[in-house]
Amino acid sequence: TAGAFGRGGPSRSKNRKSKRAKRQEMEQRRTREIGGVRVPKGDGTTVLRLRRGSSLADFAEKINAEPAALVTVLMKLGEMATANQSLDEETFKLLGEELGYVVEIVSPEDEDRELLESFDINLSAEAEDEDDEDLEARPAVVTVMGHVDHGKTRLLDAVRHANVTEGEAGGITQHIGAYQVQIDHEGEQRGLTFIDTPGHEAFTAMRARGAKVTDIAVLVVAADDGVMPQTVEAINHAKAAGVPIVVAVNKMDKEGASPEKVRGQLTEYDIVPEAYGGDTMFVDISAIQRLNIDELLEAVLLTADASLELTANPDHEARGVAIEANLDKGRGPVATVLVQTGTLRIGDTIVAGNAHGRVRAMFDENGQEVTEAEPSRPVQVLGLSAVPRAGDSFLVTQEDRTARQIAEKREAVERNAMLAKRRKRVSLENFDQVVAEGKIDTLNLILKGDVSGAVEALEDALLKIDVGEDVQLRVIHRGVGAITQNDVNLATVDDAVIIGFNVRPAERVNDLAEREGVDMRFYSVIYAAIDDIENAMKGMLKPEYEEVELGSAEVREVFRSSKFGNIAGSIVRSGVIRRNAKARLVRDGAVVSDDLAIESLKRYKDDATEVRQDFECGIGLGSFNDIQEGDRIETWEMREIPRV
Ligand code: GDP
């Protein structure tokens, strides 16, 4: 009889048949069919580890499957996603369960912990090993937060000076990112460490790296201005981090100061003064007149004693966090680190982020050389190989080699993560795409300009753009001056695009933006900026397409024809094969070519427009002739993604 293969049909020897049957059986055992697609299957216990922020393509790579097949499987489970979209843990677990894998999402912190464990450094086990009797009280670490212009910087100045006795180091403290003050408290000398970068941006940046630095937040609210947007942000950040708050009601010297109003307003955010039955301490101060600063410090100490148990073991190798760092022309990389446990000494070998080296010298906030630093002490460290980032953790290792290797491994991890990250963040170019993927519906912008008039004009004009109802435009931060690391960190956290009008990024900011995949745009004409943003917003009104699997066929025999090229005698394994459909050829799980089309399709001798599952057919892939028995032909079409 004429075979189904258009031209003659395959000759089937018994032997071949059994071989093929075996292969099929094997394949059936290793894979399973879901919704017309064969996907590799796990045994229900196989653990699959994925980085946080992974996509279906990453999942597919791990199990040796086609991303498109997973898109289909997920669709059957009621979830729409494209192959490169990053998915949450829940979705991966759902997919994993369906395919027989136990999915574990690995955070960067987990990954780093594992890296350290591979060097026999186990931080959590060490912490558990510590006996209570080894623990000693340590100073609280304080961050000053609040709305812009409410006096954070002034307060930090006032605190610094409240402590510096006349003549000590000329009364001049240097900015190194943090400083410690000593206070007489009930006849006892107590220390407090202040992070010398006001605002919650630095706080957020460190938290984004998984570093917990702050024990207590001082919330500055100007008595003449009251609760403002960044006051609320600061409250939210402190609460998210589980950090107790002490409120400093500032500018009490000003006319119109209304501390009672501030207390009333804050009650709405669950910050209730003790006088009203709450548990938050309020202190009315004037940073400029240095009024009540001692009382404020007292309140911080009392709050720390009441709600926190601040202890650390000073008696081992130091660990902590880098607070600030820069490259000094003469001295090389200079980093301010905060020791969190143990004692740091000159000569110690340390690794901080992907910088490493020996501590050559240490200085305190007065520029005085110190030889050791105990828990909660900030010190400037010289001797690192590179500049760590704010929020990078540091630790002392026994061997130079260990520190170097850890730093190198981290750098490699970071490089890989960067490559993966690059495609993910929002840019003006891909904004429409991320909207279509359902990831966001708001274009967040950070505006920086050379003069405030320009920033306001730009913001006004931007907010007037008619963007339709599907999306929104939001200016999350604006300011005058160069684009700073804070701007980039904020953009990282909130997925924002940075617009610079007649300004440039500050030193090292370009690198950071590049590393974090943050889109920065520079303009000197307002209309050019508006045009670009308008186009980005409207871009998403274009229809968005995604690949939908149509069907696949298995090649059982190849027929060579000088006239038609090679014809693949195939059986349709799933879905349907349609003439003219886009196709790819897969051999042993690897794509041989993916830019093909079903140029000819035959059932017996007749041309067919489509052939369904379990039927045999002859497929011609045009001039593409590299077809072998056992290959798989997959077809798909691009479908418009419905707007939700
Ligand atoms: P930050 O943006 O929160 O760091 O605010 P700054 O510390 O830079 O202060 C903003 C403005 O408020 C400056 O002009 C200060 O001089 C002023 N300021 C700060 N504290 C006080 C205060 O206690 N009283 C008065 N009258 N002005 C203050």
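Above: the structure in question.
Residues numbered from 1 in each chain as written. Predicted model: local features only at pLDDT ≥ 70, side-chain atom pairs only at ≥ 80, totals over all residues. Heavy atoms only, no water.

## Observations concerning the overall build of the protein
- From N to C terminus, the protein includes 17 helices and 34 strands.
- In the protein, 71% of the contacts between residues at least 6 apart in sequence involve partners at least 24 apart. (Helix = DSSP H or I, 4+ residues; strand = E, 2+ residues; numbered from the N terminus. Contact = heavy atoms within 4.5 Å.)

## Some details on the sheet that holds strand S22 (residues 442-449)
- Spatial strand order, S23-S22-S24-S25: four strands in an open sheet with parallel pairing. One side of each edge strand has no neighbouring strand; the edge strands of this open sheet are strand S23 (472-480) and strand S25 (520-523). This sheet shows a mean twist of 25 degrees between the axes of neighbouring strands, independent of strand direction. (Pairing = 2+ DSSP bridges. Axes fitted to C-alpha atoms, helices over the stretch in contact; angles between N-to-C directions.)

## Quick word on the pairing of strand S6 (residues 140-146)
- Of all seven residues in S6, seven are buried; the element is thus mostly enclosed.
- Residues Ala-140, Val-142, Val-144 and Gly-146 point to one face of S6 and Val-141, Thr-143 and Met-145 to the other, with burial holding for every one of them.
- Pairing analysis gives four bridges linking S6 to strand S8 (residues 188-195), with the strands arranged parallel. Within S8, the residue paired with Thr-143 across the bridge is Ile-195. (Buried < 20%, exposed > 50% of the residue type's maximum accessible area, 1.4 Å probe, protein only.)

## Concerning the side chain of Ser-570
- Relative to the elements of secondary structure, Ser-570 occurs in strand S27 (residues 567-578).
- There is a polar contact of 3.0 Å between the side chain of Ser-570 and the backbone oxygen of Ala-568. (Polar contact = N/O pair within 3.5 Å; in protein donor to acceptor, adjacent residues only side chain to side chain.)

## Focus on empty space enclosed by the protein
- For the structure on display, the rule yields two cavities of 30 Å³ or more.
- Space inside the largest cavity adds up to approximately 100 Å³.
- Thr-143, Phe-203, Met-206, Val-213 and Thr-214 are the residues nearest the centre of the largest cavity, which is lined by 13 residues in total.
- No other element matches the four residues that helix H8 (residues 200-208) contributes to the lining of the largest cavity. (1 Å grid on protein atoms, 1.4 Å probe; cavity = no way out; pocket = protein on both sides within 12 Å on 5 of 7 lines; lining within 4 Å. Points joined across faces, edges and corners; volume = space filled by probe spheres on them.)

## Considerations on helix H2 (residues 56-63)
- Of the positions making up H2, those classed as buried are Leu-56, Phe-59, Ala-60 and Ile-63. Down the axis of H2, the sector holding all buried residues measures 100 degrees, keeping them to one side. Of the exposed residues in H2, those oriented more than 90 degrees away from the buried face are Glu-61 and Lys-62.
- Asn-64 sits one or two positions beyond H2 and adopts a positive phi of about 65 degrees. (Arc of directions from axis to C-beta.)

## With respect to the packing of aromatic side chains
- The final tally for this structure, using the stated rule, is three aromatic pairs.
- Note on Phe-59 and Tyr-101: the rings are 6.4 Å apart at their centroids and 85 degrees apart in plane angle, and the pair reads as edge-to-face. You can see Phe-59 sitting in helix H2 and its partner Tyr-101 sitting in strand S4 (residues 101-106), a full 42 residues away along the chain.
- A residue is classified by how much of its surface remains accessible, and Phe-59, at 0% relative accessible area, is buried.
- Given the relative accessible area of 10%, Tyr-101 is considered buried.
- On the basis of an interplanar angle of 20 degrees and a centroid distance of 5.8 Å, the ring pair of Tyr-179 and Phe-194 is categorised as stacked. Note that Tyr-179 is positioned in strand S7 (residues 178-185) and Phe-194 in strand S8, a separation of 15 residues in sequence.
- For Tyr-179, a relative accessible area of 2% puts it in the buried group.
- Look at Phe-194 and you get buried, because its relative accessible area is 2%.
- Every member of this aromatic cluster is reached through a ring pair, and the members are Phe-59, Phe-92 and Tyr-101.
- A cation over an aromatic ring shows up here: Arg-504 above the ring of Phe-522, its NZ or CZ 4.1 Å from the ring centre. (Phe/Tyr/Trp six-rings, centres within 6.5 Å; stacked < 30°, edge-to-face > 60°. Lys NZ or Arg CZ within 6 Å of the ring centre and 35° of its normal.)

## Concerning the site of the ligand
- Around the ligand lies a shell of 15 residues, among which Asp-149, Lys-152, Thr-153, Arg-154 and Asp-253 are the nearest.
- In the environment of the ligand, an oxygen atom lies 2.8 Å from a nitrogen or oxygen atom belonging to the side chain of Lys-152.
- The side chain of Thr-153 places a nitrogen or oxygen atom 2.5 Å from an oxygen atom of the ligand.
- Coverage of the ligand by the protein amounts to 76% of the 580 Å² it exposes when considered alone.
- When the residues that make up the shell around the ligand are grouped by side-chain class, the tally is three nonpolar, six polar and six charged. (Near = heavy atom within 4 Å. Areas by Shrake-Rupley, 256 points an atom, 1.4 Å probe, with all protein chains shown as cover. Nonpolar A, V, L, I, M, F, W, Y, C, P; charged D, E, K, R; others polar.)

## Considerations on helix H11 (residues 293-307)
- Between its first and last C-alpha atoms H11 spans 21 Å; for 15 residues at 1.5 Å apiece the expected length is 21 Å, and the two agree.
- When H11 is considered as a whole, its buried residues turn out to be Ile-293, Leu-296, Leu-297, Ala-299, Val-300, Leu-301, Thr-303 and Ala-304. (Expected span 1.5 Å × (residues − 1).)

## Observations concerning the pattern of salt bridges
- One pass over the full model with this rule turns up 30 salt bridges.
- The partner of Arg-51 in a salt bridge is Glu-111, and the shortest N-O contact between them spans 3.0 Å. Here Arg-51, found in strand S3 (residues 46-51), pairs with Glu-111, found in helix H5 (residues 108-117); they are 60 residues apart in sequence, far enough to count as distant.
- For Glu-111, a relative accessible area of 23% corresponds to the partly exposed category.
- The shortest N-O distance in the salt bridge between Arg-401 and Glu-399 comes to 3.8 Å.
- Using a relative accessible area of 48% as the deciding quantity, one classes Arg-401 as partly exposed.
- On the basis of relative accessible area, Glu-399 is assigned to the partly exposed category, the value being 42%.
- Connected through shared salt-bridge partners, Arg-49, Glu-104 and Glu-114 make up one network. (Salt bridge = Lys/Arg side-chain N within 4 Å of Asp/Glu carboxyl O.)

## Brief notes about the sheet that holds S8
- With mixed pairing, the six strands of this open sheet are ordered in space as S7-S8-S6-S9-S10-S11. Each having just a single partner strand, S7 and strand S11 (282-284) make up the two edges of the open sheet. Strand-to-strand twist in this sheet, taken as the mean axis angle between neighbours without regard to direction, amounts to 30 degrees.

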